[in-house]
Amino acid sequence: MKFNWGTGVVIAFILFISFIMYFVISMNTDKNLDHDLVNENYYKQELEFQNDINKEKNAKTLASKVTWKKTAEGIVISFPTDLEDKNITGKIFLYRPSNKQLDFETTILLSNHNLLIPDKRLLDGRWNIKIDWSYKDTNYMLKEEIQY
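Here the structure is a predicted model, which means the values were calculated and not measured.

Caption draft 1: Representation of helix 3 (residues 49-60) within the structure. When the terminal C-alpha atoms of helix 3 are compared, their 17 Å separation across 12 residues agrees well with the 16 Å that a helix rising 1.5 Å per residue should span. Inspection of helix 3 places Asp52, Lys55 and Ala59 among the buried residues, and these make up the whole buried set. Here the buried residues of helix 3 occupy an arc of 60 degrees about the axis, which is enough to place them on one side. Opposite the buried face of helix 3, at more than 90 degrees from it, the exposed residues are Lys57 and Lys60. Along its buried surface, helix 3 packs onto strand 6 (126-135) and strand 7 (138-147).

Here it is in C-alpha cells:
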C-alpha cells in the first residue's frame, strides 16, 4: 500500500475521532462523576414554582426580614421579633451544590425567635438555603446563597 497525503488525512481523522470517543465514553461511564438532576423531583418542583413566587412576595412585605449570621456555634437564623415565635412553623433546607450527600432538611423549632444550625453539620463553602415557613396561615419563603 502506498502512503500519500490522502491516506494520512484519513488516518489523522480516524485517530482524532477515536481520541474524542475515548473521552466521551470514559466521562459518561465514570462513577465518580454524577450526572443527576439537581433535584430528584424536578418536574414536581417546577409545577409548584408559582406558589414559591407568592411565598417570596409575602416575605418581602414583612416589616422585618428573616436574617442569618455565622457564629462559632454554626448559623443562627433569626425570625422577625414582631411575630409570635410559637406560631412560626416550617422547614429549612440546606443544599450543597458540590455534594448532594451533604444536603439536609430541618424543621423550625425556635428559641427566642432564633434557630441554630450546628457547625458540625456544615462544611466551609457555598450553600443554598431555603427557608419555607408559615405564620398564622400565611406562607413565606426565603431563598439565598450563602458562604459558610
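Caption draft 2: Seen up close, the sheet that holds strand 3 (residues 88-95). Strands sit in the order 4-3-6-7 across an open sheet of four strands; the sheet is antiparallel. A strand with exactly one partner marks an edge of an open sheet, and here the two such strands are strand 4 (104-107) and strand 7. With strand direction ignored, the average angle separating the axes of adjacent strands in the sheet is 15 degrees. Of the pairings in the sheet, the one linking strand 3 to strand 6 comprises eight bridges and is antiparallel in character. Paired with isoleucine 88 across the bridge in strand 6 is tyrosine 135.

Caption draft 3: Quick look at the nonpolar core. Grouped together as the largest cluster of nonpolar side chains are 24 residues, with contacts concentrated most on Ile77, Ile92, Ile131 and Trp133. Residue assignment for this core shows that the elements contributing at least two residues are strand 2 (74-78), strand 3, strand 5 (114-118), strand 6 and strand 7.

Basis of the calculations
- Residues numbered from 1 in each chain as written.
- Predicted model: local features only at pLDDT ≥ 70, side-chain atom pairs only at ≥ 80, totals over all residues.
- Heavy atoms only, no water.
- Helix = DSSP H or I, 4+ residues; strand = E, 2+ residues; numbered from the N terminus.
- Expected span 1.5 Å × (residues − 1).
- Buried < 20%, exposed > 50% of the residue type's maximum accessible area, 1.4 Å probe, protein only.
- Arc of directions from axis to C-beta.
- Contact = heavy atoms within 4.5 Å.
- Pairing = 2+ DSSP bridges.
- Axes fitted to C-alpha atoms, helices over the stretch in contact; angles between N-to-C directions.
- Core = buried A, V, L, I, M, F, W, Y, C linked by side-chain atoms within 4.5 Å.

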